[in-house]
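Coordinate analysis (summary)
Each chain, letter by letter, is given below.
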Amino acid sequence: MTGSPDIKLSVRGLEKSYDRTPILERVELDVESGSFCTIVGASGCGKSTFLRMLLSQELPTRGEILLDGHALPDEPTPDRGIVFQKYSVFSHLTVSENLILASELERAPFAGRLFGVKRRQAREEISELLQRIGLSAAADKYPAQLSGGMQQRLAIAQALAKKPSILLLDEPFGALDPGIRLDMHELLLGLWNELGMTIFMVTHDIHEAFKLGTRLLVFDKIRHDPQVPEAYGATITYDLPLATPLTELTQGPEQIASAIGLPGQSDKTNTMTS
Amino acid sequence: MRIINRKPSRLTALALGLLPFVATIIGYAIASHYRRLDNPADKLLPSLESIGQAFWRMAAIPDRRSGDLLLWVDTFDSLWRLGTGMAVSTLLALSLGIAIGFIPHVRSALAPYLATFSLIPPITILPILFITFGLGEMAKIALIVIGTAPVMIRSTAQAVLDIPREMIIKAETLGASVWQMTVRLVIPQVLPKMITALRMGLVPAWIFLISAEAIASTTGLGYRIFLVRRYLAMDVILPYVVWITLLAFLLDRALLLLSRRSFQWHHLGSDAL
Amino acid sequence: MLKSFAKASLLAAALSLPLSVGSVQAEEKKDFKVCWSIYVGWMPWGYLQDSGLIKKWADKYDINVEIVQINDYVESINQYTAGEYDGCSMTNMDALSIPAGGGVETTALIVGDYSNGNDGIILKDKTELADIKGQSVNLVELSVSHYLLARALDTVDLSERDLTVINTSDADMIAAYATSDVTSVVTWNPLLSEIEAQPNATKVFDSAGIPGEIIDIMMVNTETLADNPAFGKALVGAWYELMGIMSSEGDEGVAARTAMAEASGTNLPGYDAQLATTKMFYTPAEAVAFTNAPELPSTMKFVAEFLFDKGILGEGAPSPEFVGVSFPDGSIYGDKNNVKLRFDPSFMQMAADGAL
């Protein structure tokens, strides 16, 4: 449907309601391949719902989402990787087991598990990745034995195992300490530069959104009925290209934050330092 | 220091833990002593010595009629019934519990039925069990299974439902099939909870085992207790009760140990039981 | 340390005292309790309580007697043995093994009846007792059914080694018989007649074949009786007044038997059918004659040997003669220094003489 060849993902007339309560309405979007879209909005604005629809964890009530010009499948598939804020990795598997799982599933359709030489081989394949995410020493630890930052590094690495063309991140650093968050930003940006996938990242930290993204999507309600606050859903109210230096933007983090009622100042020092 | 902040040392804790047991034994010995002042052959509260003798007789002296060491024959047969029954229940819980917890259509079909079925007091359908399974081992095992499986299936299904949705989605994005998710995600996540369910299930299982053996049997711990009850042989019943309690306790600890050894990841957080 | 231990022991003793006061009391008292369980020959005990007959006789001797029904037969004997009751209805066999074997001196106060067909052996699809060889036999182990089986096997030169006994609860006997792996049962009425009514069932032996061996008796604590003759007199007086009523075909007799029938879960014809296989001693003279008869000691010898063979004749009994049983003529079976079961017809004799 969409003509342009470098459009990775298109959203057309998207609507989502729960029990006739609209959450999202009239969402229109075209995203170029290799973009890093950060998504912000007040809580309950439907930004996570939007991400879940990109993942096919939920299905639109109306409208369509096109990936490379084709309708999205009805359920999660390996072409879209996901990192959640919590429970992203498998608690019953060690770090290295978490990382080789994807290749085990691919190579052993019935057992879902590799043994002997093949297993050793799979472990060798991930040794470089372990090094990259700084978990070589913790290869045989369980996630519960890792810090929050280490768990999320593992989650990101695991989500990229199937080389997805789209990576979805749902407040991935929300529970992390500010210092750790900076490390994570570096890791994420490095991987993105290297692999060139398209990223959608939901965050509640507006500075993080400005810092990481090439494009900022702000979800908010534009129509209000004072009698029935739930009458209308949210849509994309701001769609800012961030490729240009911050100073040239007419709308900075503070303006966006105050426009949608987000705390804009809180994390400023931490995210702006790098 | 306030009493809530005072912690007993290891030795004190051990002594405190033993105290109620010792007190029970002393209390028993005294009560038994008083009863035997009235009637030296009192059967209700026999002396600790005659309890010991009876236990020795059951455990180490071959029975005059059969030549068997009754305690060990009874223990072996009872544990075999209990083990078989619980193995069947565990397999049912794993297969049905996972199907119900993981596949919405199966859940819709079976969950209401199972919820209803689990409310039937198993003892009330004993005659049906007899006619279906006969009076032999099958009926006893069936009673244990019917008494424990529904609850175990339900708690397994709940354990599957309790797996964070995020993990299942993540597995899907890693290209896992339903079968692969079952063997690599659902079963490993559910097994430790399964062991907890098994430990909880063992409590009613013992009750059903003893009841089943009381009804029609030729051996077993429950059989022996109900048999010698006919002549109020408390000197045999009391050590058997202690023995059953000990076996149940050891089984429970063994399962906990198994869980700690096999599912280290599950016990990393706070460990309640 | 020692002092505190002594204190603790005292405390424990004080706590356990209630356990011991319930036991045998050798002293004069006014309140008595006896217990019974449902069985054709014992239904009069319930009627005595309900009709007020026992109150009438207790008042006459200025005492109180309560007659309590207990739903489980073995439990009623255990309660009596533990000292909760002053008397209890039971068979001669259970009296020897449980209270007497447990050191509680017990006297047969009222010999009420003996089973004359109330206990029997039923085979499925077979018609001869000898066919029982090699079968599994379902019965309440160590009960009179077991004794009946042992006595029956004697008559066809078999022993328990020739078959397998499966302990089966009486409550489940009828359901058990309905299953295909049960081929023979030994049980008592009303279960016996219920199972016998099935098309493939044949009764191959019953207690009529060993008349006078399974005896149903009101057993009382020997010391209590010795210290309180009024207790014995009231029970015996009330019992034989009711026996007179019950055995009559008049309205009063029918009313009494109907009430007993209903209390045992059947109707008058059903209860009369059970009475037909029970030899009731309606007059004290009959009971006295039975107790004095020379057959009783040999019956008790059979019973003692059976109990000894099954290993249930008291703690570590070295021989069947371990527990002594005394008879009206002064003879004693077993250990003269350990007489725990006494057949004493003197109270029944008073009733026969009209001396109550």
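Below is a short write-up of the structure.

Here is what the cut-offs are and how they apply
Residues numbered from 1 in each chain as written. Chains lettered and ligands numbered in written order. Predicted model: local features only at pLDDT ≥ 70, side-chain atom pairs only at ≥ 80, totals over all residues. Helix = DSSP H or I, 4+ residues; strand = E, 2+ residues; numbered from the N terminus. Rg over C-alpha atoms; globule rule 2.2 N^0.38 Å. Contact = placed C-beta atoms within 7 Å. Pairing = 2+ DSSP bridges. Axes fitted to C-alpha atoms, helices over the stretch in contact; angles between N-to-C directions. Left-handed = near helix turned anticlockwise from the far one by under 90°. Nonpolar A, V, L, I, M, F, W, Y, C, P; charged D, E, K, R; others polar. Core = buried A, V, L, I, M, F, W, Y, C linked by C-beta atoms within 7 Å. Buried ≥ 20, exposed ≤ 12 C-beta atoms within 10 Å, placed from the backbone. Domains from an automatic or database assignment.

Examining the overall build of chain C
Check the secondary structure of chain C and you find 15 helices and 14 strands. Here the C-alpha atoms of chain C give a radius of gyration of 21 Å, agreeing with the 21 Å that 2.2 N^0.38 yields for 356 residues. Its C-alpha atoms give chain C principal-axis dimensions of about 65 × 65 × 40 Å. Put simply, of all contacts in chain C between residues at least 6 apart along the chain, 74% involve residues at least 24 apart.

Thoughts on the interface of chain B and chain C
Each partner contributes residues to the interface: chain B has 34 residues there, and chain C has 40 residues. Elements that contribute at least two residues to the side of chain B that touches chain C include exactly α1 (10-38), α5 (126-133), α8 (178-215), β1 (216-217) and α9 (221-228) of chain B. Relative to strand β7 (residues 164-168) of chain C, β1(B) runs antiparallel, the two being bridged by two bridges. Along β7(C), the bridge assignment pairs B:S217 with C:N167.

Some words on the packing of helix α3 (residues 70-102) of chain B against helix α6 (residues 137-161) of chain B
Residue and element names in this part refer to chain B. The contact between α3 and α6 brings their axes to 6 Å, and the two run at 35°. Between α3 and α6 lies a crossing of right-handed hand. Class assignment of the residues belonging to the contact of α3 with α6 gives a composition of 20 nonpolar, eight polar and three charged.

A word on the sheet that holds strand β1 (residues 7-18) of chain A
Residue and element names in this part refer to chain A. In space, the four strands of this open sheet follow the order β2-β1-β4-β5, with antiparallel pairing throughout. Taken across any chain shown, the strands that pair with only one partner, and hence form the sheet edges, are β2 (21-32) and β5 (70-71). Pairing geometry for β1 and strand β4 (residues 62-67), over five bridges, is antiparallel. Bridge assignment links L9 to a residue of β4, and that residue is L67. Seen against the sheet, helix α1 (residues 47-54) touches β1, β2 and β4 and runs at an angle of roughly 60° to β2.

So, the nonpolar core
A:I39, C:L96, C:L109 and C:L235 are the most contacted members of the largest nonpolar core, which totals 237 residues. Broken down by element, the residue count for this core peaks at 14 residues, all from α8(B). In this structure, this core is formed jointly by two domains, domain 1 (3-114 + 214-352) and domain 2 (119-209) of chain C, each of which donates at least three residues. Each residue touching C:L109, except ones within four places of it in the same chain, is listed here: C:G87, C:M218, C:M219, C:V220, C:L225, C:G232, C:L235, C:V236 and C:F347.

A look at the arrangement of the chains
If you rank the two pairs of chains in contact by how many contacts each has, first place goes to chains B and C. Chain C makes no contact with chain A, the minimum C-alpha separation between the two being 44 Å.

Re the interface of chain B and chain A
Interface extent is often summarised as the accessible area lost during association of the parts. At the junction of the two partners, chain B supplies 19 residues and chain A supplies 26 residues. For the side of chain B that touches chain A, the elements supplying multiple residues, two or more each, are α7 (165-173) and α8 of chain B.

Some thoughts on the sheet that holds strand β5 (residues 119-124) of chain C
Strand order in the open sheet made by the six strands is β1(B)-β7(C)-β6(C)-β8(C)-β5(C)-β9(C), with mixed pairing throughout. Both outer strands of the open sheet, β1 of chain B together with β9 (201-206) of chain C, are each paired with one neighbouring strand and no more. One ladder, built from two bridges, connects strand β6 (residues 136-139) of chain C with strand β8 (residues 184-188) of chain C; its direction is parallel. Counterpart to C:N138 in the pairing with β8(C) is C:V185.

Notes on unusual backbone geometry
All names here are of chain C. Of note, the amide linkage connecting N189 to P190 takes the cis form, showing an omega dihedral of 5°. With respect to the helices, strands and loops of the structure, P190 is situated in the loop between β8 and α8 (191-196). A positive phi angle, near 70°, is found at L142, a position not held by glycine. Mapped onto the elements, L142 comes out in the loop between β6 and α6 (144-155).

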